[in-house]
Structure formats: structure tokens, C-alpha cells
Amino acid sequence: MSVDENLTELSELQLDVLREIGNVGAGNSATALSRLIQRRIEMNVPHVALVPIEDVPEFVGGPELVVVGIFLRVYGKAPSNILFLIPRDSAFALVDTLLGRDRGETTELDAMDESALMEIGNILAGSYLNAFYTFTGMSMLPSIPALAVDMAGAILNVVLVQLGEMGDHALLIETNFVAEDRSISGHFFLVPDPGSLSSIMNAVGVE
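Residues numbered from 1 in each chain as written. Predicted model: local features only at pLDDT ≥ 70, side-chain atom pairs only at ≥ 80, totals over all residues. Heavy atoms only, no water.

The protein is annotated in an unreviewed UniProt entry as Chemotaxis protein CheC of Selenomonas timonae.

Written as C-alpha cells, this is what we have:
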């Protein structure tokens, strides 16, 4: 049985591979962000799982929670979609950290703030996709990011309508940012196209 046919029964070895990809991606992201803002940022990945796509909003606090969503399309040998969701208040805190503002200063997102968050999306996507390349040898390139602020359920619905055919499950890589005693959590989802997750797992020799 292929990975795509029964995603709920991934082996512990398969999940270990995905966790390690997440940890390497987080390490690369932290290094890139620290260089960008000239301050130390640490990142860790406390949880990696495969979740049904319809359950994605529950993992970020429920479908009615207002979040900032950053979306990218992934091209290459394993076409996929990336969705980074972060609660709005956490996004404000992340912007304060990135732009050197006092804690609590950001209460709305202006064009500069949105640009900063989309750059975070770029860095995360590039870092995680580079980690996938390291483990699988599969080259995957992200599109320019798009950003929306809305309820988590509404953002997911828009993404699903725009994408049409896509996989039934998403790879969740929970992501924690720690900078200057601030801990900020976000959720990074890789949603492979049908067949792409099997290609990824086959490439690391795990079937």
C-alpha cells in the first residue's frame, strides 16, 4: 500500500525522517533569520505529524481564530503547497521582534509588516525545502508568497478552492520561534499533491 493510500499508518521510521527534515529546516531558518535581523533567533520543532487537511484549522486554535496565512506553491519533482499559519497576535509579536519594536507596539499590519512576514514565509519555505533536498535529492522551488489575514477556516477554504485537486493530508511541522525571551508559535503545513508524498518517502528509501 502506498503512502498516499494510507497516510494514517505511517511507520515510526517514516515519521522520524519527517521530524529530522523539520529539525534541519528549523535550524536553517533560525540561522537565516538571525543574520537578517542581526539578533539571535532560535527555532525548534516540537511536533511533526500528518493530519487530515480538513483538520488544519483545529491545530492553530480553531476555524474561527483570526490568523495570518502565508501561502506558497511548490514546483518540482514533488509538487506541493505550503501554508504557514500564525495567530494574529503572535504575528504582531513576530513583527515587533523582526523590526526591533517594543513588545506590543504592533496592533495592525501595514504594508511593511506584511512584507516582513512574507519574507519569513520565504525563509521558512526555502529552509524546509532545502532540507527535503538534503534528504531526498529532490529539487523543489517555492513561488512568491501570498498573505491573508482572516479566520483560519476561511483561509483554508479559499486555498482549497484555488488549488482544486490536492492531497487529503498535510504534513504539519509545528514551529516555535524564541527571540529575546519571546516564544512565538506558528504552524507550517506542507500539502503534497496526490502522489507527491509517496515520491518524497520513496526518495529517502522509506516505503
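Having put the structure on the table, let's press on.
1. Some points on the overall build of the protein
For clarity, the threshold we go by: A run of H or I in DSSP becomes a helix once it reaches four residues, and a run of E becomes a strand once it reaches two; helices and strands are each numbered from the N terminus. Relative accessible area decides the class of each residue, using a 1.4 Å probe on protein chains only: under 20% of the type maximum gives buried, over 50% gives exposed, and in between gives partly exposed. Contacts between residues were defined by any pair of non-hydrogen atoms, one from each residue, lying within 4.5 Å. Residue-level accessible areas treat just the shown protein chains as cover; the underlying method is Shrake-Rupley with a 1.4 Å probe.
Counting its regular elements, the protein contains 6 helices and 8 strands. Ordering the α and β elements of the protein from the N terminus gives α-β-β-α-β-β-α-α-β-β-α-β-β-α. Residues counted as buried form 52% of the 207 residues belonging to the protein. Pairs at least 24 residues apart make up 72% of the contacts formed inside the protein by residues separated by at least 6 positions. For the protein, the accessible area works out to roughly 9500 Å², and carbon and sulfur atoms hold 50% of it.

2. Things to note about the packing of helix H1 (residues 12–37) against helix H4 (residues 111–136)
Quick reminder of the rule: Working convention: axes come from line fits to C-alpha atoms, limited for helices to the stretch in contact. Angles between N-to-C directions cover 0 to 180 degrees. An angle below 35 degrees is read as roughly parallel, one above 145 as roughly antiparallel, one from 65 to 115 as roughly perpendicular, and any other as oblique. By convention the crossing between two helices is left-handed if the near helix lies anticlockwise of the far one by an angle smaller than a right angle, and right-handed if it lies clockwise. Under this grouping Gly is polar, as are all residues other than the nonpolar Ala, Val, Leu, Ile, Met, Phe, Trp, Tyr, Cys and Pro and the charged Asp, Glu, Lys and Arg.
Contact geometry of H1 with H4 gives a least axis separation of 8 Å together with a crossing angle of 140°. Taken together, the axes of H1 and H4 lie oblique to each other. In this structure, H1 meets H4 at a crossing whose hand is right-handed. For the pair H1 and H4, the contacting residues are Glu-20, Ile-21, Gly-22, Val-24, Gly-25, Ala-26, Asn-28, Ser-29, Ala-32, Leu-33 and Leu-36 in the first and Glu-119, Ile-120, Ile-123, Leu-124, Ser-127, Tyr-128, Ala-131, Phe-132 and Phe-135 in the second. Per-class residue counts for the contact of H1 with H4 are 13 nonpolar, 5 polar and 2 charged.

3. Quick look at helix H6 (residues 196–203)
All of the buried residues in H6 are Ser-196, Leu-197, Ser-198, Ile-200 and Met-201. Against the buried residues of H6 lie H1, strand S2 (48–52), strand S4 (80–87), H4 and strand S8 (182–192).

4. Considerations on the UniProt feature "domain: CheC-like protein" (unreviewed entry) in the protein
Keep this limit in mind: UniProt positions are given in the numbering used here, feature names are shortened, and annotations may be inferred rather than shown by experiment.
UniProt's feature table lists "domain: CheC-like protein" (unreviewed entry) at residues 14–48 and 112–145, given in the numbering used throughout. With 69% helix and 11% strand, residues 14–48 has end C-alpha atoms that lie 11 Å from one another. When the span residues 112–145 is considered, its composition is 74% helix and 9% strand, and the gap between its end C-alpha atoms is 15 Å.

5. Let's talk about the pattern of salt bridges
In a structure, side chains of opposite charge can pair up when their charged atoms sit close to one another. As a reminder of what qualifies: A side-chain nitrogen of Lys or Arg and a carboxyl oxygen of Asp or Glu constitute a salt bridge if their distance falls within 4 Å.
Going through the model one piece at a time under the given rule, you end up with 4 salt bridges. Notably, a salt bridge pairs Glu-42 with Arg-40, separated by 3.1 Å at the nearest N-O pair. Among the residues examined, Glu-42 registers a relative accessible area of 39% and is labelled partly exposed. On the basis of relative accessible area, Arg-40 is assigned to the exposed category, the value being 63%. Arg-101 serves as the salt-bridge partner of Asp-113, at 2.9 Å between the closest nitrogen and oxygen. On the criterion of sequence distance, the pair formed by Asp-113 in helix H4 and Arg-101 in the loop between helix H3 (88–98) and H4 is long-range, its members being 12 residues apart.

6. What to know about the environment of Thr-107
With respect to the element layout, Thr-107 can be found in the loop between H3 and H4. Judged by its relative accessible area of 52%, Thr-107 is exposed. For the pair Thr-107 and Arg-88, spaced 19 residues apart in sequence, the C-alpha separation works out to 9.3 Å.

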